[in-house]
Amino acid sequence: EAGVAQSPRYKIIEKRQSVAFWCNPISGHATLYWYQQILGQGPKLLIQFQNNGVVDDSQLPKDRFSAERLKGVDSTLKIQPAKLEDSAVYLCASSLKGRTRQETQYFGPGTRLLVL
Amino acid sequence: SQQGEEDPQALSIQEGENATMNCSYKTSINNLQWYRQNSGRGLVHLILIRSNEREKHSGRLRVTLDTSKKSSSLLITASRAADTASYFCAPSTGANSKLTFGKGITLSVRP
């Protein structure tokens, strides 16, 4: 079974530029998550999708971050404009249903973003 | 916040020794999960213990949960150099099974 795929693996941009990350979850997984992991910290949930609907985006900085999951499969996370403090690893994860309360999440390798 | 708080922050042991890592959380949970992260990589799920379970085993891993104390521990027996990684506990809460990660424990296993 193929795992969660993410691209690109690394990205370097200057502040105020835009950047987009892509995620392809495990086939058949209905729930998709985007996390931000700052160096030395644990992952912080940015947004959770159930199929193509948003169920939790309470920690997403909506003035600069946006995410979509068209057709309930792939997802894109965008930052516009980027700030220095956005430098982090962006992790995508998926789970089968997200509604049983006893599920595990499967993580992709992450995209490491450096904002200069 | 449901953030799991791990203790200690860092742990260094000799290969073959046991490693014990602790986690505390704040309110009621669906379950508590432990994940491992090797340097520069994504997280790998290790084990899930439900709120009505007290102990669970998986290979060299043993997890305990004490809901009265709102704490959990992860024991890795007979550690190997390959166990060197960061370990995170993540309480799962709410209808959406939200995971809230702590800062993690850095485990170093010396060969």
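Quick look at the structure, then. (Residues numbered from 1 in each chain as written. Chains lettered and ligands numbered in written order. Predicted model: local features only at pLDDT ≥ 70, side-chain atom pairs only at ≥ 80, totals over all residues. Heavy atoms only, no water.)

1. A short note on the overall build of chain A
- The helix and strand inventory of chain A stands at zero helices and eleven strands.
- Each helix and strand of chain A, placed in order from N terminus to C terminus, yields the pattern β-β-β-β-β-β-β-β-β-β-β.
- Taken over C-alpha atoms, the radius of gyration comes to 13 Å for chain A, in line with the 13 Å a tight globule of 116 residues would show.
- Taking the principal axes of the C-alpha coordinates as reference, chain A spans close to 40 × 25 × 25 Å.
- By residue count, 47% of the 116 residues in chain A fall in the buried class.
- Taking as baseline every contact in chain A between residues at least 6 positions apart, the subset at least 24 positions apart corresponds to 55%. (Helix = DSSP H or I, 4+ residues; strand = E, 2+ residues; numbered from the N terminus. Rg over C-alpha atoms; globule rule 2.2 N^0.38 Å. Buried < 20%, exposed > 50% of the residue type's maximum accessible area, 1.4 Å probe, protein only. Contact = heavy atoms within 4.5 Å.)

2. Describing the interface of chain A and chain B
- Every contact between the two is made by 24 residues of chain A and, on the other side, 23 residues of chain B.
- Carbon and sulfur atoms make up 46% of the area that chain A and chain B hide from each other, which totals about 1900 Å².
- The largest share of the area that chain A buries against chain B comes from Arg 101, Gln 102 and Phe 107 of chain A, three residues that together contribute 30% of it.
- Residue Lys 98 of chain B pairs with Asp 56 of chain A through a salt bridge whose shortest N-O separation is 3.7 Å.
- On the surface where chain A and chain B come into contact, there are five residue pairs in polar contact (both at pLDDT 80 or more).
- Looking at the side of chain A that touches chain B, the elements that each hand over two or more residues are β4 (31–37), β5 (44–50) and β6 (53–56) of chain A. (Buried area = accessible area lost by both parts, 1.4 Å probe. Salt bridge = Lys/Arg side-chain N within 4 Å of Asp/Glu carboxyl O. Polar contact = N/O pair within 3.5 Å; in protein donor to acceptor, adjacent residues only side chain to side chain.)

3. With respect to unusual backbone geometry
- The omega torsion of the bond from Ser 7 of chain A to Pro 8 of chain A falls at -10°, within 30 degrees of zero and hence cis.
- With respect to the helices and strands, Pro 8 of chain A occurs in the loop between β1 (5–7) and β2 (10–13).
- For the peptide bond that leads from Gln 80 of chain A to Pro 81 of chain A, omega is -5°, which places it in the cis range.
- Within the secondary structure, Pro 81 of chain A is located in the loop between β8 (75–79) and β9 (88–95).
- One non-glycine residue, Lys 70 of chain B, adopts positive backbone phi at about 55°.
- Relative accessible area serves as the criterion here: at 28%, Lys 70 of chain B is assigned to the partly exposed category.
- The backbone of Ala 78 of chain B sits at a positive phi, close to 45°, despite the residue not being glycine.
- Within the secondary structure, Ala 78 of chain B sits in the loop between β8 (71–76) and β9 (85–93).
- The partly exposed category is assigned to Ala 78 of chain B, whose relative accessible area is 39%.

4. With respect to the sheet that holds β1 of chain A
Residue and element names in this part refer to chain A.
- Taken together, four strands build an open sheet; the order of strands is β1-β3-β8-β7 and the sheet is antiparallel. The open sheet has two edge strands with one neighbour each: β1 and β7 (65–68). Across the sheet, the mean angle separating the axes of adjacent strands is 15° when strand polarity is ignored.
- Relative to β8, β7 runs antiparallel, the two sharing four bridges. If you follow Ala 67 over to β8, its bridge partner there is Leu 77. (Pairing = 2+ DSSP bridges. Axes fitted to C-alpha atoms, helices over the stretch in contact; angles between N-to-C directions.)

5. Quick look at the state of the cysteines
- Applying the stated criterion across every chain, the model contains two disulfides over all chains.
- The side chain of Cys 23 of chain A participates in a disulfide bridge whose partner is Cys 92 of chain A; the two sulfur atoms lie 1.9 Å from each other. Judged by the sign of its S-S torsion, about -70°, the bond between Cys 23 of chain A and Cys 92 of chain A is left-handed. Pair noted here: Cys 23 of chain A is in strand β3 (residues 19–24) and Cys 92 of chain A is in strand β9, with a separation of 69 residues, a long-range link.
- The class for Cys 23 of chain A is buried, based on a relative accessible area of 0%.
- On the basis of relative accessible area, Cys 92 of chain A is assigned to the buried category, the value being 0%.
- Here Cys 23 of chain B is linked by a disulfide to Cys 89 of chain B, with a sulfur-sulfur distance of 2.0 Å. With the S-S bond torsion at 60°, the cross-link from Cys 23 of chain B to Cys 89 of chain B turns out right-handed. Placement of Cys 23 of chain B in strand β3 (residues 19–24) and of Cys 89 of chain B in strand β9 is noted, with a sequence separation of 66 residues between them. (Disulfide = S-S within 2.5 Å.)

Treat this as a map of the structure, not an account of what it does.
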